[in-house]
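Residue-level structural notes
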Amino acid sequence: MNYRIFGKTGFKVSEVSLGTWQLGSRWGDPFDEKVALDTLEAAFRSGINLFDTADIYQDGNSERAIGKFLSLHPNDRIYVVTKMGRALNPHVAEGYNEENLRRFVDQSRRQLGMEALDLTLLHCPPTPVFSNNKVFAVLDALKAEGKIRHYGVSIERIEEGLAALQHDISAIEVIFNMFRLRPADELFRKAAEKGVAIIVRVPLASGLLTGKFTADTKFGPDDHRTFNRNGEAFDKGETFSGVDYMTGVRVAQQLKTALATDDLATTALRYILMYPEVSVVIPGASRPEQIERNVKASDAAPLTEAQMQKVREIYDSEISPLVHHLW
């Protein structure tokens, strides 16, 4: 495992870490604490030292499982990124007020068993929140009180990240993959100039970039890849990176051929790590055996200049007209 400095925080983190939206089960399946803890242990033993979670993941079970895991490793430095805000119902900008922000932070501290959160992110809030100075003043106060060490934002759109850079944030979490290249064009450099870490989520476009899906692939009824393809439940950019499913299946095969790889998933993760502004990529895992697949990317050979160019050419011709302007 290779490690990178996490922006101005100075944290030294595994460049491939763990996203825990699916921790302890696949999307829509019952949560299994033993599977969750075994997955976290497999990640830790592979060299992963950062877990990304949120207060709403698995109805809070993700944070609680990570908290239990931390209690079993009291002498090991494991960084936790958690997110807050999506529990609001309705999820509106007015909900990002001092009372709610404090409540969310205290809840995560309890569930994780942490006196101070390493890093908390606003969890893809409504766009006006990113320009609301009062919201960031509350985060500054929580930091001064020792309840959080650092804060940042998780974003849907590049414009939200650019607005957030006007505040004292430490990290931006953003979708970036072979089907979503705009962040590299418009966000990465500006974040790096301010010492802001980049966390890459949805690196495999909800599995499309494994190259294993076909027209006949079926997902469970409670899997967002079934019910959110058009944004019925949340921003459709979170599901298959907003790419039409059949287009994604076709272009994934095109990439597999063009890059001459039998393991598109590893190549897709390694592609992301080619960008020095990226601090960490957080592929998910619902069971321990998936960890080994993810971490292979850290030791994989770099893509050649010709391969990098081929990805851009395919993106520009097949994907960009569909999604580039949206996120």
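Note: the structure precedes this text.
All of the points below concern the structure found in this document. This structure is a prediction, so every number in the text was calculated from the model and none was measured. (Residues numbered from 1 in each chain as written. Predicted model: local features only at pLDDT ≥ 70, side-chain atom pairs only at ≥ 80, totals over all residues. Heavy atoms only, no water.)

Some points on the sheet that holds strand S4 (residues 50-52)
- The eight strands are arranged S3-S4-S5-S6-S7-S8-S9-S10 in an open sheet whose pairing can be described as parallel. Of all the strands in the sheet, just strand S3 (18-19) and strand S10 (278-281) have a single pairing partner and so form its edges.
- One ladder, built from four bridges, connects strand S5 (residues 79-84) with strand S6 (residues 119-123); its direction is parallel. Bridge pairing in S6 places methionine 84 opposite leucine 122. (Pairing = 2+ DSSP bridges. Helix = DSSP H or I, 4+ residues; strand = E, 2+ residues; numbered from the N terminus.)

Comments concerning the packing of helix H2 (residues 61-72) against helix H3 (residues 98-112)
- The geometry of H2 relative to H3 is characterised by a closest axis approach of 7 Å and an angle of 45° between their N-to-C directions. Taken together, H2 and H3 sit at an angle that is classed as oblique. Contacts between H2 and H3 involve Glu63, Arg64, Ile66, Gly67 and Leu70 on the former and, on the latter, Gln107, Ser108, Gln111 and Leu112.
- Classifying every residue of the contact of H2 with H3 by side-chain character gives three nonpolar, four polar and two charged. (Axes fitted to C-alpha atoms, helices over the stretch in contact; angles between N-to-C directions. Parallel < 35°, antiparallel > 145°, perpendicular 65-115°, else oblique. Contact = heavy atoms within 4.5 Å. Nonpolar A, V, L, I, M, F, W, Y, C, P; charged D, E, K, R; others polar.)

Considering the layout of surface pockets
- When its volume is computed, the second largest pocket comes out at roughly 250 Å³.
- When grouped by side-chain class, the residues that make up the lining of the second largest pocket number six nonpolar, four polar and five charged. (1 Å grid on protein atoms, 1.4 Å probe; cavity = no way out; pocket = protein on both sides within 12 Å on 5 of 7 lines; lining within 4 Å. Points joined across faces, edges and corners; volume = space filled by probe spheres on them.)

Notes on the side chain of serine 241
- Looking at the element boundaries, serine 241 is found in the loop between helix H8 (224-227) and helix H9 (245-258).
- In contact with serine 241, other than residues within four places in its own chain, are Ile175, Asn177, Phe179, Arg180, Val202, Ala205, Val323 and Trp327.

Let's talk about H9
- For H9, built from 14 residues, the straight-helix expectation of 20 Å at 1.5 Å per residue is met to within 8% by its first-to-last C-alpha distance of 20 Å.
- Each element contacted by the buried residues of H9 is listed here: helix H10 (264-273) and helix H12 (305-323).
- Positive backbone phi, approximately 55°, marks alanine 260, located one or two places after H9. (Expected span 1.5 Å × (residues − 1).)

Concerning the packing of aromatic side chains
- A full pass over the atoms with the stated rule returns 16 aromatic pairs.
- Consider the rings of phenylalanine 51 and phenylalanine 69, whose centres lie 5.8 Å apart with planes at 70°: the pair is edge-to-face. Here phenylalanine 51 is found in strand S4, whereas its partner phenylalanine 69 is found in helix H2, with 18 residues between them in sequence.
- A relative accessible area of 0% places phenylalanine 51 in the buried class.
- A relative accessible area of 1% means that phenylalanine 69 is categorised as buried.
- An angle of 75° between the planes, with centres 6.1 Å apart, marks the rings of phenylalanine 188 and tyrosine 275 as edge-to-face. One end of the pair, phenylalanine 188, is in helix H7 (residues 188-193); the other, tyrosine 275, is in the loop between H10 and S10, and 87 residues separate them in sequence.
- Take tyrosine 275: its relative accessible area is 16%, and that puts it in the buried class.
- The structure contains a cluster of three or more aromatic residues connected by ring pairs, namely Phe176, Phe188, Tyr271 and Tyr275.
- Between arginine 77 and the ring centre of phenylalanine 11, over which it is positioned, the NZ or CZ distance is 5.8 Å.
- In this structure, arginine 229 packs its charged tip against the face of tyrosine 245, placed 4.5 Å from the ring centre. (Phe/Tyr/Trp six-rings, centres within 6.5 Å; stacked < 30°, edge-to-face > 60°. Buried < 20%, exposed > 50% of the residue type's maximum accessible area, 1.4 Å probe, protein only. Lys NZ or Arg CZ within 6 Å of the ring centre and 35° of its normal.)

As for the pairing of strand S8 (residues 171-175)
- Most of S8 sits inside the fold, with five of its five residues counted as buried.
- Residues Ala171, Glu173 and Ile175 point to one face of S8 and Ile172 and Val174 to the other, with burial holding for every one of them.
- Looking at chain direction, strand S7 (residues 151-154) and S8 are connected through three bridges and run parallel. Paired with serine 154 across the bridge in S8 is glutamate 173.

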